[in-house]
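Coordinate analysis (summary)
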Amino acid sequence: MKRKKIIIIGGGPAGLMAAEMLSPVHNVCIYDKEKNVGQKFLLAGKGGFNLTNSAQGEELIGKYSPAGFMDKALSDFDSLALRQWLSTIGISTFVGSSGRVFPEKGIKPIDVLNTIKAKLIKQGVQFYTQYEFVEFDNNRHITFKNQGQEIVLEADYIIFALGGASWPVTGSNGLWRVVFESMGIATQPFQPSNCGINICWPEAVGQYHVGKPVKNIRLFTNDSEVKGEAVITDYGMEGNAVYPIVPAIRAMLNANIPATIYIDFKPRNTGEQLLQKIKGKVVGTKDYGQLFNLSTVQLAIIKAYTTKDSFLSVTEFIGSIKKLAIPVESLRPVEEAISTIGGIQLEEVNDDFSLKKYPWIYTIGEMLDWDAPTGGFLLQGCFSMGNYAAQSILGKE
């Protein structure tokens, strides 16, 4: 089989995985506009390096939206396959809380990146950094800018893994949309996902409780719910109980519907169980904290979002413990988001992530309009897409 020339633009997890699978039989070059590849990969590791999640099968597939889009890629290279591949290159992993998969203690994000990069170099992959993508044409040409000079290259296949618009400090600013639109590829504006939410806190909360955690709560909307922890910030709320309900909040905001979330401060207790705590007792507001095991920040939030009469009535107060409505003004900016939705519309790509209009071009990773929660699912999605696109190319030769 004749070795093909394959150009990959973007040295994140999707691009690196594609290179891993293709380089044993083809000539692969990775181009990245930063000084080093994997900048977002390294930044992701600063907040707890979830390489993947132990979820498998339907549980894994169900984490991705829109439903069905990622099924084949995830089935072909799931979380177990990723862990096994990491193990073969010397990166041992373990399952932590909530199914999150981490590198073994002592293995840093830079170690994982350097190990992957070293293996690719051994397989003949060539890396070109500080090469900024400029444009492509319909004759398999691609133009880069390097040190002020434009360079035109030709390849048998081109794989774009340029990222979305989150964390632009790492180089993924989403400006490539303009080029793709000019070539007839429809895109959607980027929107934040897995991000904080803006809430106009009353003074009693915003002035005295910023930075405090609200633990063991259930946040929910009419369409979704999650148990976890959130942190009060000067702009609103952040945390693992917030991120999973962002899609539902975003849908309300996009539809110009007033966005409201609800807090259940005692998800392990029913309303009836809380009522039992006051049976036969004379209860005043000063007793609420100890009686219901509520922190000062929880009490402050409930008081700020209930009327005086509702707060004084212990039965109505219990109702607020179980379901307190909090209006949300907006989401945090794209630049602060952990991930984004938007980018290339899915109708533009085939099942293997190649462009219908340019079938020798593949687009993978956060460039495409899909979504997943934190906890290792974002990286898993990118690795799976890189593998699947590579397998498609291998199957054509």
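Our structure is the block above this text.
If you're wondering where the values come from, they're calculated on a predicted model, not measured in any experiment. (Residues numbered from 1 in each chain as written. Predicted model: local features only at pLDDT ≥ 70, side-chain atom pairs only at ≥ 80, totals over all residues. Heavy atoms only, no water.)

Thoughts on the layout of surface pockets
Taken as a whole, the second largest pocket encloses approximately 600 Å³ of empty space. Sorting elements by how many residues they give to the lining of the second largest pocket places strand E14 (residues 225–232) first, with three residues. Residue classes in the lining of the second largest pocket are distributed as 10 nonpolar, 12 polar and six charged. (1 Å grid on protein atoms, 1.4 Å probe; cavity = no way out; pocket = protein on both sides within 12 Å on 5 of 7 lines; lining within 4 Å. Points joined across faces, edges and corners; volume = space filled by probe spheres on them. Helix = DSSP H or I, 4+ residues; strand = E, 2+ residues; numbered from the N terminus. Nonpolar A, V, L, I, M, F, W, Y, C, P; charged D, E, K, R; others polar.)

Some words on the packing of helix H1 (residues 13–22) against helix H6 (residues 109–122)
Two elements in contact, H1 and H6, have axes separated by 10 Å at closest approach and are oriented at 35°. In this structure, the crossing between H1 and H6 has a hand that is left-handed. Within the contact between the two elements, H1 uses Leu16, Ala19 and Glu20 and H6 uses Leu113, Ile116, Lys119 and Leu120. (Axes fitted to C-alpha atoms, helices over the stretch in contact; angles between N-to-C directions. Left-handed = near helix turned anticlockwise from the far one by under 90°. Contact = heavy atoms within 4.5 Å.)

Quick notes on unusual backbone geometry
Look at the link from Ser65 to Pro66: it is a cis peptide, with omega at 0°. Tracing the backbone through its elements, the reader meets Pro66 in the loop between helix H3 (57–61) and helix H4 (71–76). With a phi angle near 50°, Asn216 is a residue other than glycine that sits in the positive phi range. Mapped onto the elements, Asn216 comes out in strand E13 (residues 213–220). The backbone of Asn293 sits at a positive phi, close to 55°, despite the residue not being glycine. Relative to the helices and strands, Asn293 is located in the loop between helix H11 (288–292) and helix H12 (296–304). Under the relative-accessibility criterion, Asn293 is labelled exposed at 58%. (Buried < 20%, exposed > 50% of the residue type's maximum accessible area, 1.4 Å probe, protein only.)

Structural notes on the sheet that holds strand E4 (residues 93–95)
Pairing is antiparallel in the open sheet, where three strands are placed in the order E3-E5-E4. Strand pairing shows two members of the sheet lacking a second neighbour, strand E3 (52–53) and E4, which therefore form its edges. Relative to strand E5 (residues 100–103), E3 runs antiparallel, the two being bridged by two bridges. Its bridge partner being in E5, Thr52 is matched across the sheet by Val101. (Pairing = 2+ DSSP bridges.)

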